[in-house]
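Topology and contacts: notes
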Amino acid sequence: MSDIIRRDPRAEWIARNRLHPLHAAMQPAQHSWMGPNGVIRKNLHGIGFIGPNGIKRIDRSGAQQGGATKRTAAVEVQLPLHSVPAPAFYISVVPDMVGGRLSSHDRDLLGLAHQLAGQDGAVLAVVFGEHKENAFATAGVDRLLVLEGEEFSGYAPEQRVQGLRAVDNQFSPRHWLLPDSRSGGGELGRRFAAALGERPATRVWQVKDEECIGRAGKGLQDLARPVARLILAAAECAEPVSETRHEALPVELSTAVVRSLSRIEDLGAVAVDPAAIPMAEAEFIFSGGNGVKDWGLFHRTAEALGATEGASRVAVDDGFMARDRQVGASGTWVTARVYVAVGISGAIQHLQGIGACDKVVAINLDPGCDMIKRADLSVIGESAEILQALIDAIAAYRNDAKRDAA
């Protein structure tokens with residue numbers, strides 16, 4: 001087993017937040033303290049373990065003291081279960097599922113759905129095709145309906161509308177929630193609204209006091225209207241679910257979805273040069289900073305990963321990257337699903353620019369830098385060695401895939 005100590009940002013956040021219901025459970029047990037006379041007292045009953053015969057043993061090696069054991073929110077702390085055995089109504093959510101996983105926009109949508117569901121309703125997530133998500137329960141899904149079939153794969157908005165109409169006929173949701181995004185939710189929601197004859201509430205950023213508040217006038221004005229049955233919500237429309245876990249019980253349609261004669265033919269994905277993708281639209285960014293010593297190796301790694309290259313301001317000022325590749329408050333604000341920071345210490349302007357990224361991976365020599373604290377996954381070491389090992393791992397993976405295909 002590896003001796004590498006891995007950080008759990010969520011557990012650390014709970015340990016700092018005194019208002020969180022799991023805050024007390026995340027605090028380490030106090031094994032020693034100073035008495036009123038200045039003498040150190042030890043709690044002998046709190047240090048030890050249960051032996052094979054049921055007898056408590058005291059560990060005098062010190063391995064269980066000083067915070068050597070790692071606190072994790074997933075293993076040691078179990079979130080309270082929110083169960084709805086007999087829902088009075090449903091709130092249906094159709095997430096974008098870009099890359100087969102829930103995005104931050106999708107999680108905001110599920111948080112808004114739970115505001116509308118309250119205690120009596122259940123959140124029903126409708127997912128098309130295969131997915132890679134395994135955290136529906138912690139994201140706030142009470143019921144999960146997966147519509148599988150080749151007719152739903154790729155770009156098939158007409159067939160997906162037929163599937164949503166079948167869901168509407170069977171479950172009769174009180175509200176439909178879709179992300180008002182360019183990843184498919186905005187178009188699908190408007191097509192679905194036309195099929196139902198509903199007038200949707202679009203660009204909604206808040207639902208309060210039985211009103212939907214959406215952006216209007218090129219985003220400069222707010223438009224309030226009664227809560228619509230079909231809501232197309234913007235990002236950050238609500239806080240995502242974080243303090244409860246849910247059942248995510250699978251459900252199925254009682255009738256088959258009518259297959260429509262599609263007037264649209266999906267010819268598949270088109271290969272795009274990652275360097276040609278604008279920084280603000282890139283989903284996978286490989287960014288370098290002052291800690292990168294071999295920029296040729298950096299470029300080869302980005303090419304092997306198929307990632308869009310970015311840089312910190314220091315790297316741009318030193319002439320290693322173009323000005324349009326600069327990430328940060330003084331450069332480009334990015335919303336990538338994965339952001340890899342190589343040799344970037346994490347200045348406040350840079351951290352502001354990556355604030356909307358889903359997952360941040362940091363490669364750095366300094367374990368105490370701000371980028372390491374921000375990252376979801378940290379790799380401590382020399383960047384050149386790590387990048388070369390990454391290229392070798394990618395080459396080995398692709399060779400194995402070719403052999404399996406042959």
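The rules behind the values
- Residue indices follow the written sequence of each chain, beginning from 1 at its first position.
- Local features are withheld for residues below a pLDDT of 70 in this predicted model, meaning they are given only at 70 or higher, and side-chain atom pairs are given and counted only at 80 or more; totals for whole chains, interfaces and linings count all residues.
- Computation of side-chain values: all heavy atoms of the structure, hydrogens and water removed.
- UniProt positions are given in the numbering used here, feature names are shortened, and annotations may be inferred rather than shown by experiment.
- Going along the chain from the N terminus, every DSSP run of H or I of four or more residues is numbered as a helix, and every run of E of two or more is numbered as a strand.
- Any residue under 20% of the maximum accessible area for its type is buried, any over 50% is exposed, and the rest in between are partly exposed; the area is computed with a 1.4 Å probe on protein chains only.
- Should any heavy atoms of two residues lie within 4.5 Å, those residues are considered in contact.
- Per-residue and other accessible areas follow the Shrake-Rupley method at a 1.4 Å probe size, with only the shown protein chains counted as cover for residues.
- Note on aromatic pairs: the rings of Phe, Tyr and Trp (six-membered ring only in Trp) are paired at centre separations within 6.5 Å, and the planes decide the class, stacked below 30 degrees, edge-to-face beyond 60, tilted for the rest.
- Pairs of strands are assigned from DSSP output, requiring at least two bridges between the strands.
- Here the axes come from fitting lines to C-alpha atoms, over the contacting stretch only for helices, and the angles between their N-to-C directions go from 0 to 180 degrees.
- As used in this record, nonpolar core signifies buried Ala, Val, Leu, Ile, Met, Phe, Trp, Tyr and Cys residues forming a set joined through side-chain atoms within 4.5 Å.
- What a helix is expected to span follows from its residue count: subtract one and scale by 1.5 Å.
- The definition of a right-handed crossover adopted here requires that, viewed with the strands pointing away, the path from the first strand over the helix to the second runs clockwise.
- Arc, as used here, means the arc of the directions from the helix axis to the C-beta atoms.
- Between 65 and 115 degrees an angle is taken as roughly perpendicular, under 35 as roughly parallel, over 145 as roughly antiparallel, and anywhere else as oblique.
- Each helix crossing is assigned a hand: it is left-handed if the near helix lies turned anticlockwise from the far helix by less than a right angle, otherwise right-handed if that turn is clockwise.

An unreviewed UniProt entry lists the chain under the name Electron transfer flavoprotein subunit alpha, with Pseudomonas brassicacearum as the source organism. Annotation of the chain in UniProt includes, under Sequence similarities (unreviewed entry), the sentence "Belongs to the ETF alpha-subunit/FixB family."

Section: the overall build of the chain
Summing up its helical and strand segments, the chain has ten helices and 20 strands in all. Sorting the 406 residues of the chain into buried and exposed places 41% on the buried side. Nonlocal contacts in the chain, meaning residues at least 24 apart in sequence, comprise 60% of its contacts between residues at least 6 apart. Surface summary for the chain: the accessible area is close to 23,200 Å², and the carbon and sulfur share equals 52%.

Some details on the packing of aromatic side chains
Here the distance between the centres and the angle between the planes together describe a pair of aromatic rings. The final tally for this structure, using the stated rule, is six aromatic pairs. The interplanar angle of 45° and the centroid separation of 5.4 Å between the aromatic rings of Phe128 and Phe152 together place this pair among those described as tilted. With Phe128 in strand β7 (residues 122-128) and Phe152 in the loop between β8 (143-147) and α4 (157-171), the pair connects residues that are 24 residues apart, well separated along the chain. Just as Phe128 is buried, Phe152 falls in that class too. Ring centres of Trp295 and Phe320 lie 5.1 Å apart, and the angle between their planes is 15°; this geometry places the pair in the stacked category. Highlighted residues: Trp295 in helix α6 (residues 295-305) and Phe320 in the loop between α7 (313-317) and β18 (338-342), separated in sequence by 25 residues. Residue classification places Trp295 among the buried positions, given a relative accessible area of 9%. Residue class for Phe320 comes out partly exposed when judged on its relative accessible area of 43%. Each member of the aromatic cluster is reached from another via a ring pair, and the members are Phe286, Trp295, Phe298 and Phe320.

What about the sheet that holds strand β6 (residues 90-93)?
Pairing in this open sheet of nine strands is mixed, and the strands run β12-β11-β10-β13-β9-β6-β7-β8-β15 from one edge to the other. The open sheet has two edge strands, β12 (221-226) and β15 (249-251), and neither has a second partner. Taken pair by pair, the neighbouring strands of this sheet meet at an average axis angle of 35°, ignoring direction. Where strand β11 (residues 211-216) meets β12, six bridges bridge the pair, whose relative direction is antiparallel. Looking at the pairing, Ile213 lines up with Ala224 of β12.

A closer look at unusual backbone geometry
Working note: non-glycine residues mostly have negative phi, and peptide bonds are mostly trans. Positioned with a positive phi, Met97 is a non-glycine residue whose angle comes to about 55°. In this structure, Met97 sits in the loop between β6 and α2 (104-117). For Met97, a relative accessible area of 11% corresponds to the buried category. In this structure, Glu210 takes a positive phi of about 60° despite not being glycine. Within the element layout of this structure, Glu210 appears in the loop between β10 (201-208) and β11.

Focus: the nonpolar core
By size, the foremost hydrophobic cluster in this structure holds 29 residues, and its most contacted members are Phe136 and Leu177. Residue assignment for this core shows that the elements contributing at least two residues are β6, α2, β7, α3 (136-139), β10 and β13 (230-233). Per-element accounting of this core gives the leading share, six residues, to α2. With residues near it in sequence (within four places) discarded, Leu177 still touches Ile91, Ser92, Val93, Val94, Leu109, Leu112, Ala113, Leu116 and Ile231.

Describing the sheet that holds β18
Sheet architecture is open: five strands sit in the order β17-β16-β18-β19-β20, paired in parallel fashion. Two strands in the sheet have a free side with no partner beyond their single neighbour: β17 (308-311) and β20 (377-380). Mean inter-strand twist for the sheet, computed between neighbouring axes without regard to direction, equals 20°. Packed on one face of the sheet, α6 meets β16 (284-288), β17 and β18 and runs near 175° to β16.

Considerations on α2
For α2, spanning 14 residues, the distance from its first C-alpha to its last is 20 Å, which sits close to the expected 20 Å at 1.5 Å a residue. Most of α2 is tucked away, with eleven of its 14 residues classed as buried. Those residues of α2 that sit buried are His105, Asp106, Asp108, Leu109, Leu110, Gly111, Leu112, Ala113, His114, Leu116 and Ala117.

Considerations on the pairing of β6
The alternating pattern of β6 places Tyr90 and Ser92 and Ile91 and Val93 on opposite faces, both of which are buried. Relative to β7, β6 runs parallel, the two sharing four bridges. Pairing of Tyr90 across the sheet is with Ala122, part of β7. Tracing the backbone out of β6, into α2 and back to the parallel element β7 gives a crossover that is right-handed.

Some details on helix α1 (residues 9-16)
Those residues of α1 that sit buried are Ala11, Ile14 and Ala15. Taken end-on, α1 shows its buried residues confined to a sector of 100°, consistent with a single buried face.

Regarding the packing of α4 against helix α5 (residues 185-196)
One can describe the packing of α4 onto α5 by two numbers: an axis separation of 10 Å at closest approach and a directional angle of 55°. Here α4 is positioned oblique relative to α5, judged by the angle of their axes. Every pair of crossing elements has a handedness; the one defined by α4 and α5 is right-handed. Contacts between α4 and α5 involve Pro157, Glu158, Arg160, Val161, Leu164, Arg165 and Asp168 from the former and Glu187, Leu188, Arg191, Phe192, Ala195 and Leu196 from the latter.

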